[in-house]
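Reading the structure
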Amino acid sequence: MRNITNRLAKGGVTAALCFSLGLAAAPASAYHLELEAYPAAVFPYFKKFGAVDLHVYPGGVRADTMWLDAFSRNGASSVTVINPLARMYGDIPIAELASMIGKLGDDNEVERTAVATLGPTMHGKVGKLAATRYRLLFGEAYIDYWTTKAIPENPQLRRIVTELVAGVSPGTAAMTKKIPGTPVYVELNFRRFKKVVMMRMKRLTPNREDEAEALAVGSWYMKAPFVDAIWK
C-alpha cells in the first residue's frame, strides 16, 4: 500500500510541470508571471534539468533550465526547445509531449491508472495574490493545487501542462484540466513526501518588457534537422 501511495504522488504532482508563483492583479495587456518548479523532487528522471524557471506572458510561456530552454507562443502547435551550449534549436509538437514524458517514466503503470478526486476548496492568498486552493485526493494522501484569477488564463500554459500531466497520469490530467485559473503553488502531502513544494510563485510584475526576447530564438542559432540532435 505504501508503494502505491508513493507512486500516486508522482502521477498527480506532474501538474507542477508544465508546470508548475505577489502583486495586485495586472491587466491582460501587461504582465510577467515568474514561477519555479521542482520536478526532480519526485521524478528522478528530471534531475538533469534541476529547478525549472517558468515565465508566463500574455503571448505565451517560456521555461529555462540549467541544460535546455523552451518557449511556445499562444496558438502554436509546437514547443521550441533550445540548447544554448550547442547553439541549436528544434520544435516538438505539443501533441507528442504526453508520449515523450511517458517514455521517460517507464515504470509508472500505477500513475497511469490513478484518478484523483476533488476535495474541498478554500479561498486565500499566495503572496499578495488572491487564490483558491483545490485539493486533489488520493485516498489519505493529497496535492494542494492553488490557482489565481489575478491574470487571464494563458491557453498555451494550460495546454502544455495538460499534456505533461497526461504523460504520467491521464486521470489526474483530466482533473487538473477542469480547475480554473492559473496555477501559482503546488504542494505534495504523501507518506514519503510531506509538504514537498513542487511549484511556487516567485513574482508577478505589471509589465512585459522582455516578452519578445523570451518568446523567440536568439541570434546565431541553427535549427536541428531532428529534435534528437538538441538532446545530445
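These figures come from a predicted structure and were not determined experimentally.

**Topic: empty space enclosed by the protein**
If you add up the space inside the largest cavity, you get close to 110 Å³. As for the largest cavity, its lining consists of 13 residues, of which Tyr145, Leu157, Arg158, Gly181 and Pro183 are closest to the centre. The dominant element in the lining of the largest cavity, judged by the number of residues it contributes, is helix H4 (residues 155-166), at 4 residues. A per-class count over the lining of the largest cavity returns 5 nonpolar, 5 polar and 3 charged.

**A few points about the environment of Ser72**
In this structure, Ser72 sits in strand S4 (residues 69-73). As a C-alpha pair, Ser72 and Ala214 span 142 residues in sequence and 9.6 Å in three-dimensional space. Those residues in contact with Ser72, other than ones at most four positions away along the chain, are Gly60, Val61, Ser78, Val79, Ile94, Gln156, Ile160 and Leu215. Polar contacts involving the side chain of Ser72 include one to the side chain of Gln156, which spans 2.8 Å.

**Regarding the confidence of the model for the chain**
Confidence along the chain averages 78 in pLDDT terms, with 76% of residues attaining 70 or more. Counting contacts from residues 1-27, a segment whose pLDDT is below 50, to residues more than four positions away or on other chains yields 100 contacts.

**Observations regarding the pattern of salt bridges**
Inspection of the entire model under this criterion finds 10 salt bridges. For the salt bridge of Glu34 with Arg203, the shortest nitrogen-to-oxygen distance reads 3.0 Å. Residue Glu34 is located in strand S1 (residues 32-37), and its partner Arg203 is located in strand S11 (residues 196-205); the two are separated by 169 residues in the primary sequence. Asp91 is paired through a salt bridge with Lys223; the nearest N and O atoms lie 3.3 Å apart. In this pair, Asp91 sits in strand S6 (residues 88-93) while Lys223 sits in strand S12 (residues 222-223), placing the two residues 132 residues apart along the sequence. Each of Arg62, Asp64 and Asp69 takes part in salt bridges that share partners, so that together they form one network.

**A word on the pairing of S6**
Along a regular strand, successive side chains alternate from one face of the sheet to the other. Examined bridge by bridge, strand S5 (residues 78-83) and S6 share 6 bridges and lie antiparallel to one another. Bridging across to S6, Ser78 finds its partner in Pro93. Between S5 and S6, which pair antiparallel in sequence order, lie 4 residues; one of them, Arg87, sits at a positive phi of approximately 60°. Note that S6 and S12 share 2 bridges and pair parallel. Bridge pairing in S12 links Tyr89 to Lys223.

**Looking at the side chain of Arg62**
As for its position among the elements, Arg62 is in strand S3 (residues 60-64). Side chain to side chain, Arg62 and Asp64 meet in a polar contact 2.8 Å long. Those residues in contact with Arg62 that sit more than four places away from it in its chain are Asp53, Leu54, His55, Asp69, Ala70, Phe71, Ile82, Ala214, Leu215 and Ala216.

**Quick look at the sheet that holds strand S8 (residues 129-138)**
Reading across the sheet, the 12 strands line up as S7-S8-S9-S10-S11-S1-S2-S3-S4-S5-S6-S12 and stay open at both edges, with mixed pairing between neighbours. Every interior strand has two partners, whereas the edge strands, strand S7 (117-126) and S12, have only one. Where strand S10 (residues 182-189) and S11 come together, 3 bridges link them in antiparallel fashion. Across the sheet, the residue bridging to Glu187 is Val197, located in S11. Most of the contacts of H4 go to S4, to which it runs at about 125°, and overall it touches strand S2 (52-57), S3, S4, S5 and S10.

Conventions used here
Residues numbered from 1 in each chain as written. Predicted model: local features only at pLDDT ≥ 70, side-chain atom pairs only at ≥ 80, totals over all residues. Heavy atoms only, no water. 1 Å grid on protein atoms, 1.4 Å probe; cavity = no way out; pocket = protein on both sides within 12 Å on 5 of 7 lines; lining within 4 Å. Points joined across faces, edges and corners; volume = space filled by probe spheres on them. Helix = DSSP H or I, 4+ residues; strand = E, 2+ residues; numbered from the N terminus. Nonpolar A, V, L, I, M, F, W, Y, C, P; charged D, E, K, R; others polar. Contact = heavy atoms within 4.5 Å. Polar contact = N/O pair within 3.5 Å; in protein donor to acceptor, adjacent residues only side chain to side chain. pLDDT = per-residue confidence, 0-100. Salt bridge = Lys/Arg side-chain N within 4 Å of Asp/Glu carboxyl O. Pairing = 2+ DSSP bridges. Axes fitted to C-alpha atoms, helices over the stretch in contact; angles between N-to-C directions.

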